[in-house]
Amino acid sequence: MKIQRDYTQPFFREPKRHPLRNMLIAALLGMLLGLAIIWQWDSLTGVVQRFGDSPPTPTPLPSELATRASALFLAGDISGAEALLARAVSERPDNIAYLYEHGRLLIELGRYDDAYAHGAAITENDASDARGFALKATALTWQGQPSVAIPIALSGLELNPRFTPLYAVLARAYVDTQRWADGLEAGERGLSINADDADLTRAYAYALQSVGSYSDAEVYLRRAIQLRPTYLPIHFELAGLYLARDDDESAIDIYNRVLSLAPRNARAMLRLCLAYRKVGEFARALGFCQDSVDNEPADAEAQFQLGLLYYRERQFEASRDAFRQCLLYDDGFYELSCRYRLGLSHYYTGACTLGWSLLRDSLELAQAAGDSATVGNILQGLDAIQSDPKCLDEASAPVSIQD
């Protein structure tokens, strides 16, 4: 007998299950899973966090910071190098090498008190280390205390007579105390030890200029630039030497080279402004002065020079704005020069009363300073305002030049 199979049913038919039984099994499994998660919660969250978080950024070692700072310094980035070395010093405050190199950069940035403090810290850590003496003497010399710096540098030489930074600071300090022959001798002795020290070469050029040996000074400044081609202060000193010798085109070339190294250097732009004005190229001078204040608005000298050029071009509104900025940022040096010219600029823009007030204030300053030329200019301005019919229309017009 044949068995007829129903092919519409599966060959292995599962047994029927009761719906309530299935629900109980599912609830039991869910309860067990929940208990397992609660029991191992800390481990699970740690795994998830390790997968989700990015790995921590490793903190660079002080030696790595110092190496990176050296590279920035050689590239001409003094501020960037100083910031990195400051971090190295904060982590290793007793490391003399970091203190010394950071102190040298602080001097470059004009932070002389901080640099001196680094030198004192070096001496405190090791009284026989000449680097502390060199740092203190250099900070004092650049701070305008060369007579105090000289004995400190000499004490350093007693400890290490071959440490050339001490000869560099002595060359400058002697010149600044008008001991020109001693300055030359210090530079020569240092160069006999190391002729490839850029700072010493620069200091010796400084001593040569003090005795009028400008051609020799040029040679040594050029040599210093070869040794440190990205170090801008040497470029400025060489350009200044050219200007003093009326070699204006060579000075302009040097300032343009500075801008090729540092395109936003406001000081080079200002010096180009002055150089072009000196040779009579006033339009180019005006452009560079404007560029200078655009990059460094708080430079009172640049604002003053820009005001002079606008005043020359009879653009009195622009000169007024520049002289106003000059007074805003001035620390006293341009007080008289900017104030009375601001008064004249106000007068020429129709503000007679304000111009009169500024000129009267300037007259007192000029008389107190004994500046007869400026007194004459101010009196002419006051007389012009007093005799100008347009100024008489102002509500508080000046009454008399003598009041």
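Scroll up to find the structure this text is about.
Residues numbered from 1 in each chain as written. Predicted model: local features only at pLDDT ≥ 70, side-chain atom pairs only at ≥ 80, totals over all residues. Heavy atoms only, no water.

> How should the overall build of the protein chain be read in this particular structure?
Within the protein chain, the regular secondary structure consists of 22 helices and 0 strands. Of the contacts made within the protein chain by residues no fewer than 6 positions apart, 48% connect residues no fewer than 24 positions apart. Entry remark: accessible area of the protein chain is about 22,800 Å², with carbon and sulfur atoms responsible for 54%. (Helix = DSSP H or I, 4+ residues; strand = E, 2+ residues; numbered from the N terminus. Contact = heavy atoms within 4.5 Å. Areas by Shrake-Rupley, 256 points an atom, 1.4 Å probe, with all protein chains shown as cover.)

> Would you take a moment to explain the nonpolar core for this structure?
Counting 86 residues, the largest nonpolar core has Leu166, Leu170, Leu238, Leu272, Phe288 and Leu306 as its most contacted members. In terms of residue count, helix H9 (residues 164-176) provides more of this core than any other element does, 9 residues in total. When residues no more than four places from it in sequence are discounted, the contact partners of leucine 166 are Ala130, Phe133, Ala134, Ala153, Gly156, Leu157 and Asn160. (Core = buried A, V, L, I, M, F, W, Y, C linked by side-chain atoms within 4.5 Å. Buried < 20%, exposed > 50% of the residue type's maximum accessible area, 1.4 Å probe, protein only.)

> I tried to follow the layout of surface pockets on my own but got confused; where do I start?
The volume enclosed by the largest pocket comes to roughly 560 Å³. In terms of lining residues, the largest pocket is bounded by 25 residues, among which Arg104, Glu108, Thr138, Trp142 and Asp199 are the most central. At 5 residues, the largest contribution of residues to the lining of the largest pocket is made by helix H5 (residues 96-108). Among the residues forming the lining of the largest pocket, the class breakdown is 16 nonpolar, 1 polar and 8 charged. Quantified by volume, the second largest pocket comes out at close to 350 Å³. For the lining of the second largest pocket, the elements supplying multiple residues, two or more each, are helix H13 (232-244) and helix H15 (266-278). Looking at which element gives the most residues to the lining of the second largest pocket, the answer is H13, with 4 residues. Its residues assigned to classes, the lining of the second largest pocket shows 7 nonpolar, 3 polar and 4 charged. (1 Å grid on protein atoms, 1.4 Å probe; cavity = no way out; pocket = protein on both sides within 12 Å on 5 of 7 lines; lining within 4 Å. Points joined across faces, edges and corners; volume = space filled by probe spheres on them. Nonpolar A, V, L, I, M, F, W, Y, C, P; charged D, E, K, R; others polar.)

> For this particular structure, what's the right way to read unusual backbone geometry?
Unusually for a residue other than glycine, glutamine 178 sits at a positive phi of about 65 degrees. Owing to a relative accessible area of 57%, glutamine 178 belongs among the exposed residues under this scheme.

> Would you explain the side chain of histidine 118 in this entry?
By the element assignment, histidine 118 lies in helix H6 (residues 112-125). Of the polar contacts made by the side chain of histidine 118, one reaches the side chain of histidine 102; its length is 2.8 Å. Excluding residues within four positions of it along the chain, histidine 118 makes contact with Val89, Leu99, His102, Gly103, Leu106 and Leu135. (Polar contact = N/O pair within 3.5 Å; in protein donor to acceptor, adjacent residues only side chain to side chain.)

> Before we go on, may I ask you to explain the packing of aromatic side chains in this structure?
Given two aromatic rings, their pairing is described by the distance between the two centres and the angle made by the two planes. Tallied over the entire structure, the rule returns 11 aromatic pairs. Look at phenylalanine 236 and tyrosine 255: their rings are 6.0 Å apart centre to centre, the planes differ by 45 degrees, and that puts the pair in the tilted class. Within this pair, whereas phenylalanine 236 is found in helix H13, its partner tyrosine 255 is found in helix H14 (residues 248-261), the two being separated by 19 residues in sequence. This pair shows no difference in class: phenylalanine 236 is buried, exactly as tyrosine 255 is. (Phe/Tyr/Trp six-rings, centres within 6.5 Å; stacked < 30°, edge-to-face > 60°.)

> When you look at the pattern of salt bridges in this model, what are you seeing that I'm missing?
A side chain with one charge can pair with a side chain of the opposite charge if their charged atoms come near. A full pass over the atoms with the stated rule returns 20 salt bridges. Between glutamate 237 and arginine 172 there is a salt bridge, and its shortest N-O distance comes to 3.6 Å. Highlighted residues: glutamate 237 in helix H13 and arginine 172 in helix H9, separated in sequence by 65 residues. Given the relative accessible area of 9%, arginine 172 is considered buried. Here lysine 278 ties to aspartate 248 by a salt bridge, and the two come within 3.0 Å at their closest N and O atoms. (Salt bridge = Lys/Arg side-chain N within 4 Å of Asp/Glu carboxyl O.)

> Just to check I follow, could you spell out the environment of leucine 272 for this structure?
Topologically, leucine 272 is positioned in helix H15. For leucine 272 and alanine 285, which are 13 residues apart along the polypeptide, the C-alpha to C-alpha distance reads 6.9 Å.

> In this structure, what is going on with the packing of helix H17 (residues 300-312) against helix H18 (residues 316-329)? I would like to understand it.
Any two packed helices are characterised by how steeply their axes cross, that is the angle between the axes, and by the distance between the axes. At a minimum axis separation of 8 Å, H17 and H18 run at an interaxial angle of 160 degrees. The orientation of H17 relative to H18 falls into the category roughly antiparallel. Seen from above, H17 lies across H18 with left-handed handedness. On the side of H17, the interface is formed by Ala300, Gln303, Phe304, Leu306, Gly307, Leu308, Tyr310 and Tyr311, while H18 contributes Phe316, Ala318, Ser319, Ala322, Phe323, Gln325, Cys326 and Tyr329. Class assignment of the residues belonging to the contact of H17 with H18 gives a composition of 12 nonpolar, 4 polar and no charged. (Axes fitted to C-alpha atoms, helices over the stretch in contact; angles between N-to-C directions. Parallel < 35°, antiparallel > 145°, perpendicular 65-115°, else oblique. Left-handed = near helix turned anticlockwise from the far one by under 90°.)

> I keep staring at the packing of H6 against helix H7 (residues 130-142) and nothing clicks. Help me out?
Relative to each other, H6 and H7 sit at 160 degrees, their axes nearing to 7 Å. Taken together, the axis directions place H6 and H7 in an arrangement best described as roughly antiparallel. You can see that H6 and H7 cross each other, and the crossing is left-handed. Here Tyr112, Ala115, Tyr116, His118, Gly119, Ala120, Ile122 and Thr123 of H6 lie close against H7, whose contacting residues are Arg131, Gly132, Phe133, Leu135, Lys136, Ala139, Leu140 and Trp142. When its residues are assigned to classes, the contact of H6 with H7 shows 10 nonpolar, 4 polar and 2 charged.

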